[in-house]
Amino acid sequence: MDTQGIVGERVNIAVRDGSPMGLMEKLGILTDSAKYDVACTSSGVERRGNGRDLGNCVKAGICHSFSSDGRCISLLKILMTNECIYDCKYCINRKSNDVPRATFTPDEICRLTIEFYRRNYIEGLFLSSGIVESPARTMELIYRTLYLLRNQYRFNGYVHVKAIPGAPPELIQMTGFLADRMSVNLELPTAEGLRELAPNKHRRNILTPMRQIQNGIQVNRHDLAVYRQAPSFVAGGQSTQMIIGATGESDYQILNVAESLYQRFELKRVFYSAFVRVNEDKSLPALPGGPPLQREHRLYQADWLLRFYGFQARELLDESRPFFNVMLDPKEDWAVRHLEQFPVEINRAPYERLLRVPGIGVKSAKRIVAARRSARLRFEDLRRIGVVLKRALYFITCGGKMMYPTKLEENYIVRNLTSGQDRVQFGNDGMTYQQMSLFDDGHYSLQPEPDGVWRAITGQL
């Protein structure tokens, strides 16, 4: 393909009322249009500043989030255009909507990125787009933008772009050598959901570029190992996004889709976006309680368990219990349903078992394993290590003793974990619950004092 021809072609400038639209007006429209796309992140690309070009890509991250070394950093997050030939029922930018439309030229995006970077507003660029004219045309514009940014504007910072399903493979391939991360939005968890709400999109078209990027990363990894000077291809990996709550999939179905994507396509991240009803359409759920943000949060927590804690989707949920208890985090929910595996003795349990204890994270589990080589750990030691004892104390022993007199019984533990809400969730939908009385069973309830010291309060007045 003639890359010089692509770079040199002119792009139509958006107009309103017969006059060209100003750059700042476009920026307002296209940054607002990009806010529903959450699939942008960085795993920390190891390309340092070279002393010649602008930007430094080491340990970069996403807009208003944290990089892998803990820094809060930002990207310029915009759409190339909010014009779109598709009519997805959930999308604010669908072609049937009467909304202000705008399109950046590749040169405008480059100038914005450089000027924002020079003012220290950003550390990189996240570029997505509606589908203008065709997938091929859209991908061509994205490629041209990155080509100019890297070669003419000499920008060496982090760049994350979307691979457009249906675009020519050679355009996706060339773009991959200019981008640090690419993502292909799955849109909805199942093919049935796509047919219902996005009839112009097809699951196979979405998975094809995802597989191409995976294969390109694997080949590039081999080339770098052999030749070392080979150009990097999507060094930060690829990610995707699923809309949650627009269709009727259960948490169990969604989590199985995410697990399959991690295993089959080696994705860095699966992002979950709570459905926001921006269009009036009878095919869309009413959402009387607003977007399902709590459900989104629980799915992110479960996703973390899949990636870093050794859990599998079938352990967390199953067909008989397909939704998470929204009042407990997924690890707590799993623990109270598997009390036969507890309590765990802190001074003897292997690392893998420690990871399954609520209140013990990856770092604190590693610290426990390291510390107990030289000393027998006590509860006060765990607090200093970073264990969240108000969650962990029901599931652990130190030297064969529990921190307080508690019992391994699901309703009792859930009641204490949910604290002031004083209720316990039941049911497949994760929303129904059984009201608990303050006097149930007369057992101890552990409540925190303001100074952080725990005291036992009986269930009797």
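I will try to describe carefully the structure that is included in this document. Worth saying up front: this structure is predicted, and the values here are computed from it rather than measured.

Moving on, we come to the overall build of the protein chain. Looking only at helices and strands, the protein chain features 16 helices and 16 strands. Residues classed as buried in the protein chain amount to 53% of the 461 residues present. Sequence-distant contacts in the protein chain: of pairs separated by 6 or more residues, those separated by 24 or more amount to 63%.

Helix length check: helix H9 (residues 293-308) (16 residues) gives 23 Å between terminal C-alpha atoms against 22 Å at 1.5 Å per residue, within 8%. Turning to H9, its buried residues are Arg 295, Glu 296, Arg 298, Leu 299, Ala 302, Asp 303, Leu 305 and Leu 306. Contacts made by the buried residues of H9 are with strand E9 (238-244), helix H8 (251-265), strand E10 (269-274), helix H10 (313-316) and helix H11 (330-336).

What follows is about the pairing of E9. Within E9, seven of the seven residues are buried, leaving the element largely enclosed by the surrounding structure. The alternating pattern of E9 places Gln 238, Thr 240, Met 242 and Ile 244 on one face and Ser 239, Gln 241 and Ile 243 on the opposite face, and all of these are buried. Of the strand pairs in this sheet, strand E8 (residues 181-183) and E9 are connected by two bridges, and their pairing is parallel. Bridge pairing links Ser 183 to Ser 239 in E9.

Geometry of an aromatic ring pair is reported as the spacing of the ring centres plus the angle between the planes. What the rule picks out here adds up to ten aromatic pairs. With 5.1 Å between their ring centres and 70° between their planes, Phe 177 and Phe 233 make a pair best called edge-to-face. Separated by 56 residues along the polypeptide, Phe 177 in the loop between helix H5 (169-176) and E8 and Phe 233 in the loop between helix H7 (203-227) and E9 bring together distant segments of the chain. Relative to Tyr 300, the ring of Tyr 272 has its centre 5.3 Å away and its plane inclined at 85°; by these criteria the two rings are edge-to-face. Taken together, the residues span a long stretch of sequence, with Tyr 272 in strand E10 and Tyr 300 in helix H9 at a distance of 28 residues. Among the residues examined, Tyr 272 registers a relative accessible area of 1% and is labelled buried. Feature note: the residues Phe 311, Trp 334, Phe 342, Tyr 394 and Phe 395 constitute an aromatic cluster, connected by ring pairs.

With parallel pairing, six strands are arranged side by side in an open sheet as E5-E6-E7-E8-E9-E10. Each of the sheet's edge strands pairs with one partner strand only, and the pair in question is strand E5 (76-79) and E10. Adjacent strand axes in the sheet meet at a mean angle of 20° when their direction is disregarded. Bridge count between E9 and E10: six bridges; the pairing is parallel. Across the sheet, residue Met 242 finds its bridge partner in E10, namely Tyr 272. Most of the contacts of helix H4 (residues 135-152) go to strand E7 (residues 158-162), to which it runs at about 170°, and overall it touches strand E6 (124-128), E7 and E8. Across the face of the sheet, H9 comes into contact with E9 and E10 while running at roughly 170° to E10.

Scanning the entire structure with this criterion turns up 22 salt bridges. In this structure, Glu 140 engages Arg 144 in a salt bridge whose closest nitrogen and oxygen atoms are separated by 3.5 Å. In this pair, Glu 140 and Arg 144 both sit in helix H4, four residues apart, roughly one turn of the helix. Considered together, Glu 140 and Arg 144 belong to a single accessibility category, that of buried residues. For Asp 333, the salt bridge identified is with Arg 321, shortest N-O distance 3.5 Å. Of the two residues, Asp 333 sits in helix H11 while Arg 321 sits in the loop between H10 and H11, which places them twelve residues apart along the sequence. Among the residues examined, Arg 321 registers a relative accessible area of 23% and is labelled partly exposed. Look at the salt bridges and you will find they share partners, linking Glu 133, Arg 137, Glu 140 and Arg 144 into a network.

What follows deals with the side chain of Thr 418. Along the polypeptide, Thr 418 turns up in the loop between helix H16 (410-417) and strand E13 (423-425). Within the structure, the side chain of Thr 418 is placed 3.2 Å from the backbone oxygen of Arg 415, a separation counted as a polar contact.

This part is about helix H13 (residues 362-371). Within the span of H13, buried status applies to Ser 364, Ala 365, Ile 368 and Val 369. Angularly, the buried residues of H13 cover 140° about the axis, an arc narrow enough to put them on a single face. Turned more than 90 degrees from where H13 packs its buried face, Lys 363 and Lys 366 sit exposed. In the core, the buried residues of H13 are packed alongside helix H12 (351-354) and helix H14 (379-385).

Let us look at the packing of H8 against H9. At a closest axis distance of 11 Å, the pairing of H8 and H9 adopts a crossing angle of 40°. By the angle between their axes, H8 is oblique relative to H9. H9 is crossed by H8, and the crossing has right-handed handedness. Between H8 and H9, the contacting residues are Asp 251, Ile 254, Leu 255, Ala 258, Glu 259 and Tyr 262 on the first element and Arg 295, Leu 299, Ala 302, Asp 303, Leu 306 and Arg 307 on the second. A per-class count over the contact of H8 with H9 returns seven nonpolar, no polar and five charged.

With five of five residues buried, E6 is to be regarded as a mostly interior element. Burial along E6 is two-sided: the face carrying Gly 124, Phe 126 and Ser 128 and the face carrying Leu 125 and Leu 127 are both buried. Sheet analysis places E5 next to E6, joined by four bridges and oriented parallel. Of the residues in E6, the one forming a bridge with Leu 79 is Ser 128. What joins E5 to E6 is helix H3 (residues 106-118), and the crossover it makes is right-handed.

Rules behind the numbers
Residues numbered from 1 in each chain as written. Predicted model: local features only at pLDDT ≥ 70, side-chain atom pairs only at ≥ 80, totals over all residues. Heavy atoms only, no water. Helix = DSSP H or I, 4+ residues; strand = E, 2+ residues; numbered from the N terminus. Buried < 20%, exposed > 50% of the residue type's maximum accessible area, 1.4 Å probe, protein only. Contact = heavy atoms within 4.5 Å. Expected span 1.5 Å × (residues − 1). Pairing = 2+ DSSP bridges. Phe/Tyr/Trp six-rings, centres within 6.5 Å; stacked < 30°, edge-to-face > 60°. Axes fitted to C-alpha atoms, helices over the stretch in contact; angles between N-to-C directions. Salt bridge = Lys/Arg side-chain N within 4 Å of Asp/Glu carboxyl O. Polar contact = N/O pair within 3.5 Å; in protein donor to acceptor, adjacent residues only side chain to side chain. Arc of directions from axis to C-beta. Parallel < 35°, antiparallel > 145°, perpendicular 65-115°, else oblique. Left-handed = near helix turned anticlockwise from the far one by under 90°. Nonpolar A, V, L, I, M, F, W, Y, C, P; charged D, E, K, R; others polar. Right-handed = clockwise from strand over helix to strand, strands pointing away.

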